[in-house]
2 protein chains.
Amino acid sequence: MSYHYLLDLALILLTTKVLGIATGQFQMPRVVGALLAGLVMGPAMLNILTETAFLSQLSELGVIVILFTAGMGTDLRELRNAGKAGFFVALCGVLVPMAMGTAFGYLASMAGWLPNSNLLEAVFLGTVLTATSVSITVETLKELGRLDTKVGNTILAAALIDDVLGLIALTLVASIAGDGTNLLWVLVKIALFFVFAVVAAGTGIVLFRWMITRADGKNLRRYPVLAFVICLLLAYCAEEFFGVADIIGAFAAGLIVASTPKAQYIRLKFEPLSYLLLTPVFFAGIGINVKLPDLDIGLVLFSLALLATAVLSKVIGCGLGAKMCGFHGMECVQVGAGMACRGEVALIVANRGLSMGIMSEQMMTPIIITVVGCAVFTPLLLKMVFRNEPESTVEESTLSTPYHQADQLEQASAKFFLSDKK
Amino acid sequence: MSYHYLLDLALILLTTKVLGIATGQFQMPRVVGALLAGLVMGPAMLNILTETAFLSQLSELGVIVILFTAGMGTDLRELRNAGKAGFFVALCGVLVPMAMGTAFGYLASMAGWLPNSNLLEAVFLGTVLTATSVSITVETLKELGRLDTKVGNTILAAALIDDVLGLIALTLVASIAGDGTNLLWVLVKIALFFVFAVVAAGTGIVLFRWMITRADGKNLRRYPVLAFVICLLLAYCAEEFFGVADIIGAFAAGLIVASTPKAQYIRLKFEPLSYLLLTPVFFAGIGINVKLPDLDIGLVLFSLALLATAVLSKVIGCGLGAKMCGFHGMECVQVGAGMACRGEVALIVANRGLSMGIMSEQMMTPIIITVVGCAVFTPLLLKMVFRNEPESTVEESTLSTPYHQADQLEQASAKFFLSDKK
């Protein structure tokens, strides 16, 4: 019986938290701290932590729960209200990075920068670049007092849709990569999965309502448990019967649960499962798995070029979308800059590519550098493009409310339970 | 990349919950349902679930978290207030079952009922019988309106101490079994672990107080994370440096965290981690691992005899302790009957013995039958011994308060977060 996993977990939790707090001080997201923790403790530097079968299995479960939580956080009714601007910004903000990322990867492969690379890997690299992470932008805009503006609201709306479009892109690319022989059959299976998910949604919601009418107000634990069962089953069925990535199934399950009456309670109960165990293990695991090759000048240049492609493609794509919807000049750039940051989903997609054997290990370092680089530069970029602008707020901004409420909710809940001891 | 673990987890969560609710209808604890779920789904019956490396590692982490949570639920200040009666009932209620269990195991082995058994296994069987599970008694006494009586309070007090004494017994027996060559050295190492735990407690509490003074009231997640780090480190150090079981280290960490100002908040955050993943996997895992041998008449008789020994030894031991403290006649029997039930800790100790190679696999079936049997008979026994007694309540019963509050707290928290959607 081995107990060494206890030390592994303790070190992962401690270092991700400490470095997460440290990066938080520099207004970078916690995920950057967790990545660094893995890099520092892993074979790349101190070599204290190495990957074990248990850690990598926990990581897999972690990414399921992360996507499930993301799904629960996506309110489909809000998507409908996101408006034309949000939709076009998101759409162009997915298509342009996808195209530019693919072109960049392909050209780099042609130029011999990436040995053993192929078109599929280039397409996957494009997919990695599709998903925006909006948390840094939200923090920065809050600080600048511009979250409740027309630009701020468009960014929030687009970021909501962006996640869904990015995952659709992943579904297509990963399914084609998994069973590329018959494109039509792949599309049919994805469509069937969609039908299956809708049926599951109907069943799940009916089941929840039935349980709630039968319930006596006690035994609330059954709701999160049932939600998790739905998540795991959809993730399993996605892979087993439809050739769709399990994380897509988990995201779909999250969307379903978000439509049930107990959604907020369930989401609250998944938070500790995430931050006490699964999320740190997943993000530190990405850092641990990085094998810093002989970090030659070529890889550094490639990483910087990828970072530039990532930022530029979003600024161009989202700016274009904004332009199409009547934004002018500086506003288009502001929307683009606000959508430039990448984060969790990029890493999750990359990791998926790695475990499918489509992405090579050597690609992970540039992607991590891109994610960290985006986190560092986005606040600077935003402050630059918002300089010398009068503050203006729009009325009836429902989209930013959850971001303002998040802190309050946590604090209120803490006060509620801590009143006995101080 | 295998995704089959998703289906395993979904089935475990679903069946443990459904059977847990079903057994709950019969006033049996949820753990019985979880055990049955494992038995039904495992190789013993349907053979749908089998043990995997991931599940057994999750189980190990699960038992760490269960003991950590148990430690957090043990308020050392309440132990001090438990009084003479509580202490003597607990002490005799540990010593007598330990002795009777050992004697029973040894005699059974002598009589040839248990092939390949030895004295060490008999002592371990005695250790399994030491720990009371009080939840069924609490429920039954609540229903009978006798929780706030002198007898009810003595049972609650004794059950608090009983857990600690039972774990001390496990520490001694497991350490001796692990390094039996030098008893003195084993005792020195246990004493050193105690010193280490006290130093860790001091450090941990100072660290918490420092963090709280520095904190701005936000970022509350760091407290549960730090608590978990302390738990994992103590569990690791217990094994690595002191030859003490990791679960004892986790329990000690729980006691430490219970003395910090954020104890209740931290405990609340560990609940979902437990019931959404680790606890179902652990208890179902015990059921899954049961290989029903050719269930011969000998094993059935042995199981029933073990069940009788378990109940009788607690009634005799605790009754004796109560007698020593001035309880008379029927009251002694009531205290003894209230302490007779076994549960989680018995299974955890048995599982520990199994993984240390001290207990044989054939012993798990009788122990599971004993735990389930106790859960079935305790309410009947209690109703019998409390029959025809006038209700009488004592004043200032602080010990039963948490049991009354537990439901209210969960419901209040639910109302708090569900006010938005109905």
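Please read all numbers here as calculations on a predicted model, not as lab measurements.

Engineer: In this structure, what is going on with the overall build of chain A? I would like to understand it.
Structural biologist: When you go through chain A residue by residue, the secondary structure sums to 17 helices and zero strands. In chain A, the proportion of contacts linking residues at least 24 apart, taken out of those at least 6 apart, comes to 80%.

Engineer: Before we go on, may I ask you to explain the environment of B:Leu114 in this structure?
Structural biologist: Residues and elements named next belong to chain B. For Leu 114, the position within the fold is in the loop between α5 (83-110) and α6 (119-128). Judged by relative accessible area, which is 6%, Leu 114 ranks as buried. Distance from Leu 114 to Phe 87, taken between C-alpha atoms, is 35 Å for residues 27 residues apart in sequence. Not counting chain neighbours up to four residues away, the residues in contact with Leu 114 comprise Gly 105, Ala 108, Ser 109, Phe 302, Gln 362 and Met 363.

Engineer: Just checking my understanding: could you explain the nonpolar core for this structure?
Structural biologist: Generally speaking, soluble globular proteins have nonpolar side chains that are buried together. Of all hydrophobic cores here, the largest spans 215 residues; its most connected members are A:Leu9, A:Phe228, B:Leu9 and B:Phe228. Beyond its immediate chain neighbours, meaning those up to four positions away, A:Leu9 contacts A:Phe54, A:Leu55, A:Leu58, A:Leu277, A:Val281, B:Leu61 and B:Leu232.

Engineer: Please explain helix α12 (residues 263-289) of chain A as it appears in this structure.
Structural biologist: Think of an α-helix as turning once every 3.6 residues; residues three or four places apart then point the same way. The sharpest bend along α12(A) measures roughly 55° and falls at A:Ser274. Burial of α12(A) is extensive: 23 of the 27 residues sit out of reach of the surface.

Engineer: Please explain the packing of helix α5 (residues 83-110) of chain A against helix α13 (residues 297-324) of chain A as it appears in this structure.
Structural biologist: Packed helix pairs are specified by the crossing angle of their axes together with the interaxial distance, meaning the distance between the axes. Residues and elements named next belong to chain A. Contact pair α5 / α13: the axes reach a minimum separation of 7 Å and the direction vectors enclose 150°. Considering the angle they form, α5 stands roughly antiparallel to α13. Like other packed secondary-structure pairs, α5 and α13 cross with a definite hand, here right-handed. Contacts between α5 and α13 pair Phe 88, Val 89, Cys 92, Gly 93, Val 96, Pro 97, Met 100, Gly 101, Phe 104 and Ala 108 from the former with Phe 302, Ala 305, Leu 306, Thr 309, Ser 313, Lys 314, Ile 316, Gly 317, Cys 318, Gly 321, Ala 322 and Met 324 from the latter.

Engineer: Looking at this structure, how should I read helix α2 (residues 30-41) of chain A?
Structural biologist: Residue and element names in this part refer to chain A. With 12 residues, α2 extends 16 Å between its outermost C-alpha atoms, agreeing within 8% with the 16 Å of an ideal straight helix rising 1.5 Å per residue. Where burial is concerned, most of α2 is hidden: nine out of the 12 residues are buried. The elements touched by buried residues of α2 are α1 (4-25), α12, α15 (344-356) and α16 (364-385).

Reading the values: rules and limits
The residue numbers shown here count from 1 along each chain, following its written sequence. Think of it this way: whatever chain is written first is A, whatever ligand is written first is 1, and the rest follow in order. For a predicted model such as this one, the threshold for reporting local features is a pLDDT of at least 70, and the threshold for listing and counting side-chain atom pairs is 80 or more; totals across whole chains, interfaces and linings nevertheless cover every residue. Calculated side-chain values reflect all of the structure's heavy atoms, with hydrogen atoms and water omitted. By definition, any uninterrupted DSSP run of H or I lasting at least four residues is a helix, any uninterrupted run of E lasting at least two residues is a strand, and each is numbered from the N terminus. Residue contacts are defined here by distance: any two heavy atoms, one from each residue, within 4.5 Å place the two residues in contact. For every residue, the accessible area (1.4 Å probe, protein chains only) is compared with the maximum for its type, and the residue is labelled buried under 20%, exposed over 50%, or partly exposed between those bounds. To form a nonpolar core, buried Ala, Val, Leu, Ile, Met, Phe, Trp, Tyr and Cys residues must be joined to one another through side-chain atoms within 4.5 Å. Fitting one axis to the seven residues ending at a residue and another to the seven starting there, the bend at that residue is the angle between the two axes. Axis geometry follows a simple rule: fit a line to the C-alpha atoms, using only the stretch in contact for helices, then measure angles between N-to-C directions, giving values from 0 to 180 degrees. For classification purposes, an angle smaller than 35 degrees is called roughly parallel, one larger than 145 roughly antiparallel, one from 65 to 115 roughly perpendicular, and anything else oblique. By convention, the crossing between two helices is left-handed when the near helix turns anticlockwise from the far helix through less than a right angle, and right-handed when the turn is clockwise. Expected span, for any helix, means 1.5 Å times one less than how many residues it has.

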